[in-house]
Amino acid sequence: MLRQAAGHMRGLLARRASVAVTSTAVRMASQGHEVSETVDMSRPMYYDRADVPLPDKPYKDLLTDADKSLKQKEKGPWTQLSKEEKIALYRLMFCQTYPEMKQKTSEWKTVLGGIFIFLGFTGLVVWWQRIYVYPPLPKTFEGDSQAMQLKRMLDMRVNPVQGFAAKWDYEKGQWK
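Just so we're clear, the structure is a prediction, and the values are computed from it rather than from any experiment.

Caption draft 1: Region of interest: the overall build of the protein chain. A count of helices and strands for the protein chain gives six helices and five strands. Traced from its N-terminal end to its C-terminal end, the protein chain shows the element sequence α-β-β-β-α-α-α-α-α-β-β. For the protein chain, with 176 residues in total, the buried portion stands at 9%. Partitioning the contacts of the protein chain with sequence separation of at least 6, the portion at a separation of at least 24 is 25%.

Printed below as a string of structure tokens:
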């Protein structure tokens, strides 16, 4: 029985999945959908991070003719380069400057909005539960009933050392 099930599964998988090998990665096509490519972490990558000042590779890999001539000019004295050329050389190596990386974003507004939406939804759920799920409060939670309970506890002299009875003046009939 187990062999039949395994053979049946192999047949289904062989019919449903086709493997296409490309130069960069192996992709698996199943029912017309492709699985996304994985990133090869062993290769150098470009990233902008303030804590890592030099990425593994430059921002632009493929250089135009103008970029190549600028790179040749870079090998000479930098005093002959104009300010625009220095900025262009910087932009060949890096996508963002440190001030651009450290620039404040308005992401906190989205996070705070999400928190408030979540809290509002939670409040609605709690309100709905109080009305439709929980039973009504017992009569002992009403003010008259609580006053009667307090009077009974005082009459019984409950906890006369440190409790209610210690704070009640029995001669005057009022709180000390």
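Caption draft 2: Representation of the pattern of salt bridges in the model. Following the criterion strictly, the structure yields seven salt bridges and no others. Across the salt bridge formed by Lys 57 and Asp 61, the nearest N and O atoms sit 2.8 Å from each other. Judged by its relative accessible area of 45%, Asp 61 is partly exposed.

Caption draft 3: Examining the packing of aromatic side chains more closely. One pass over the structure, following the stated rule, counts four aromatic pairs. Centre to centre, the rings of Trp 168 and Trp 175 are 4.9 Å apart; their planes meet at 85°, and the pair counts as edge-to-face. Owing to a relative accessible area of 18%, Trp 168 belongs among the buried residues under this scheme. Take Trp 175: its relative accessible area is 42%, and that puts it in the partly exposed class. Directly above the ring of Tyr 170 sits Arg 157, whose terminal nitrogen or CZ lies 3.8 Å from the centroid.

Caption draft 4: Layout of the side chain of Glu 85. Tracing the chain through its elements places Glu 85 in helix 3 (residues 83–93). A residue is classified by how much of its surface remains accessible, and Glu 85, at 19% relative accessible area, is buried. Setting aside residues up to four positions removed in sequence, Glu 85 forms contacts with Leu 70, Lys 73 and Gln 80.

Caption draft 5: View of the side chain of Asp 169. Secondary-structure assignment places Asp 169 in strand 4 (residues 168–169). Side-chain polar atoms of Asp 169 contact the backbone nitrogen of Glu 171, separated by 3.3 Å. Sequence-distant contacts of Asp 169, that is, excluding residues within four places in its chain, are made with Gln 174 and Lys 176.

Caption draft 6: Structural detail: a nonpolar patch on the surface. Taken together, the side chains of Trp 108, Val 111, Leu 112, Ile 115, Phe 116, Phe 118 and Leu 119 present a nonpolar region at the surface, about 750 Å² in accessible area. Residue classification places Phe 118 among the exposed positions, given a relative accessible area of 57%.

Caption draft 7: Broad picture of the UniProt feature "transmembrane region" (unreviewed entry) in the protein chain. When the UniProt feature table is mapped to this numbering, "transmembrane region" (unreviewed entry) covers residues 110–128. Across residues 110–128, helical content stands at 100% and strand content at 0%; the span's end C-alpha atoms are separated by 27 Å.

Criteria and cut-off values
- Residues numbered from 1 in each chain as written.
- Predicted model: local features only at pLDDT ≥ 70, side-chain atom pairs only at ≥ 80, totals over all residues.
- Heavy atoms only, no water.
- Helix = DSSP H or I, 4+ residues; strand = E, 2+ residues; numbered from the N terminus.
- Buried < 20%, exposed > 50% of the residue type's maximum accessible area, 1.4 Å probe, protein only.
- Contact = heavy atoms within 4.5 Å.
- Salt bridge = Lys/Arg side-chain N within 4 Å of Asp/Glu carboxyl O.
- Phe/Tyr/Trp six-rings, centres within 6.5 Å; stacked < 30°, edge-to-face > 60°.
- Lys NZ or Arg CZ within 6 Å of the ring centre and 35° of its normal.
- Polar contact = N/O pair within 3.5 Å; in protein donor to acceptor, adjacent residues only side chain to side chain.
- Patch = residues over 30% accessible without salt bridge, like charges linked within 9 Å, V, L, I, M, F, W, Y side chains within 5 Å.
- Areas by Shrake-Rupley, 256 points an atom, 1.4 Å probe, with all protein chains shown as cover.
- UniProt positions renumbered as here; feature names shortened; annotations may be inferred.

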